[in-house]
Amino acid sequence: MKIALVKEIEVGENRVALIPDTVARLVKQGLEIWVENGAGEASFFSDRAYEEAGATLVSDPGKLWAEADVLVKVGIPKDDEINQMREGSTLISFLSPLGKPEVAQKLANRKVTAFSMELIPRTSRAQSMDALSSQAGVAGYKAVLIAAAALPKFFPMLTTAAGTIKPSKVFILGAGVAGLQAIATARRLGAMVEAFDIRPAVKEEVESLGAKFVEVDLQEDTVAEGGYAKEISEAAKQRTQEVIAERVKQADVVITTAQVPGKTAPLLVTEEMVEQMSPGSVIVDLAAEQGGNCAVTEAGKDIVRHGVTVIGPINVPASMPTHASQMYAKNISTLLQYLVKEGQLHLDFEDDIVDNTCITHAGEIRNQRVKDALS
Ligand code: NAD
């Protein structure tokens with residue numbers, strides 16, 4: 001069985017789906033790995049390192065797309081890539097199945113078996129395949145560095161001969177995987193950190209990282225299946241708004257990470273709140289690509305409004321490609337090893353990992369939510 005690692009062609013996508021160390025492990029287990037020339041270049045993994053790990057380098061991407069049994073990737077393939085895939089081959093990648101269900105349709109038409117890394121179940125059993133978490137961790141860390149670089153102040157308290165510097169105040173909205181990593185990073189840089197989330201269960205985790213949890217009694221259930229957040233009612237939104245407004249006003253840095261699966265990101269920071277912040281303050285909106293948590297955010301832009309810098313970075317994990325790729329490669333290779341039995345792909349649709357993640361097979365879209373998103 002030939003597994004192909006292709007080079008990402010989307011502008012700004014610097015990650016790669018397998019790194020040489022992972023390739024070496026897969027080769028040891030008897031898998032044949034083909035690597036497109038330059039596939040790891042943007043994340044600083046050389047062709048030579050892949051070759052030394054036991055991969056076969058292939059210069060013609062067309063050969064990889066047309067002849068491989070399994071293709072592994074980071075981002076959504078382009079139409080002309082999909083069109084080269086052969087019937088019965090397999091693709092494993094982030095495929096944005098709910099945001100771009102038409103891609104699933106094209107893959108089904110091509111009779112490709114497609115696994116979408118966004119749909120790995122968030123269970124302990126699937127933890128080492130959980131690419132949403134690994135990449136969210138990278139984004140949370142980097143968001144704090146982006147904020148610190150844009151802030152005209154120190155993060156830590158400093159006692160110097162030139163006087164005492166007060167620590168910066170950082171407010172983090174959404175304490176999921178990205179938010180918790182942002183809290184940990186801002187704390188390591190010495191800031192005073194507060195965080196808010198509509199899921200009360202995260203209070204303990206926030207506090208264990210040395211931050212203060214901002215509590216709001218929402219008077220309703222906020223947790224959906226799988227531990228994800230639900231969209232909250234208008235009344236609950238109003239309750240949160242007053243508390244958020246007060247914390248935002250006090251903060252030097254606001255980092256927003258709030259998401260509700262399958263929905264546009266909740267609007268949490270209004271323009272009036274931005275206006276209330278001190279000039280020089282910084283907002284980094286990690287939900288920029290999903291519509292933004294801040295009314296001022298524009299995806300891919302840094303905007304200065306009322307003296308506040310509002311940053312809406314896109315594809316943040318790709319800005320730290322070496323470690324983001326290392327972690328993603330671990331997720332991909334664990335899934336591959338899980339699926340391959342005696343040198344062949346074995347698809348047991350009774351298994352929740354396979355059932356959840358496999359969105360197309362034998363010419364059909366398998367996932368009801370993806371079908372619904374198409375209609
Ligand atoms: P996410 O990216 O979907 O959302 C980020 C955070 O935004 C969440 O914590 C959510 O509660 C919060 N949020 C949503 N609406 C909000 C609002 N109006 N105001 C404030 N905050 C709001 O979340 P995620 O990081 O992908 O994590 C989702 C869930 O999955 C969590 O319960 C997490 O613990 C769980 N999880 C489990 C595992 C595992 O068991 N292996 C792994 C990863 C995540």
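Preceding block: the structure.
Description of the structure in this document. Predicted model, so just to flag it, every value in this text is computed and none were measured. (Residues numbered from 1 in each chain as written. Predicted model: local features only at pLDDT ≥ 70, side-chain atom pairs only at ≥ 80, totals over all residues.)

1. As for the overall build of the protein chain
Helices and strands together make up the secondary structure of the protein chain, namely 13 helices and 19 strands. Relative to the compact-globule value of 21 Å for 375 residues, the protein chain shows a C-alpha radius of gyration of 22 Å, a close match. Within the protein chain, buried positions represent 45% of all 375 residues. Of the contacts made within the protein chain by residues no fewer than 6 positions apart, 64% connect residues no fewer than 24 positions apart. (Helix = DSSP H or I, 4+ residues; strand = E, 2+ residues; numbered from the N terminus. Rg over C-alpha atoms; globule rule 2.2 N^0.38 Å. Buried ≥ 20, exposed ≤ 12 C-beta atoms within 10 Å, placed from the backbone. Contact = placed C-beta atoms within 7 Å.)

2. Thoughts on the site of the ligand
As a matter of local geometry, the ligand sits amid 30 residues, with Gly 174, Gly 176, Gly 227, Ala 229 and Ala 258 nearest to it. No fewer than three residues from each of domain 1 (2-129 + 321-369) and domain 2 (139-319) sit in the shell around the ligand. (Near = placed C-beta within 6 Å. Domains from an automatic or database assignment.)

3. Some words on the pairing of strand E5 (residues 90-93)
Burial along E5 is two-sided: Thr 90 and Ile 92 and Leu 91 and Ser 93, pointing in opposite directions, are all buried. With three bridges joining them, strand E4 (residues 70-72) and E5 adopt parallel strand pairing. Bridge pairing in E5 places Val 72 opposite Ile 92. A crossover connection joins E4 to the parallel E5 through helix H4 (residues 79-84); in handedness this β-α-β unit is right-handed. Bridge count for E5 against strand E6 (residues 113-116) is four bridges, and the pairing is parallel. Note on E6: the bridge partner recorded for Ser 93 is Ser 116. In this region the chain leaves E5, passes through helix H5 (residues 101-109) and returns to the parallel neighbour E6; the handedness of that crossover is right-handed. (Pairing = 2+ DSSP bridges. Right-handed = clockwise from strand over helix to strand, strands pointing away.)

4. Quick look at the sheet that holds strand E10 (residues 192-196)
The pairing of strands in a sheet happens through backbone hydrogen bonds and is either parallel or antiparallel. Strand order in this open sheet of seven strands is E11-E10-E9-E12-E13-E15-E14, and the pairing throughout is mixed. Of all strands in the sheet, those bounded by a partner on one side alone are strand E11 (212-213) and strand E14 (302-305). Summarising the sheet, strand E9 (residues 169-173) and E10 pair through five bridges and their orientation is parallel. Counted as the bridge partner of Phe 171 is Glu 194 from E10. Strands in contact with helix H7 (residues 177-188) are E9, E10 and strand E12 (253-256); relative to E10, the strand with the most contacts, it is inclined by about 165°. Relative to the sheet, helix H9 (residues 234-250) contacts E9, E10 and E12, its axis offset from that of E9 by approximately 145°. (Axes fitted to C-alpha atoms, helices over the stretch in contact; angles between N-to-C directions.)

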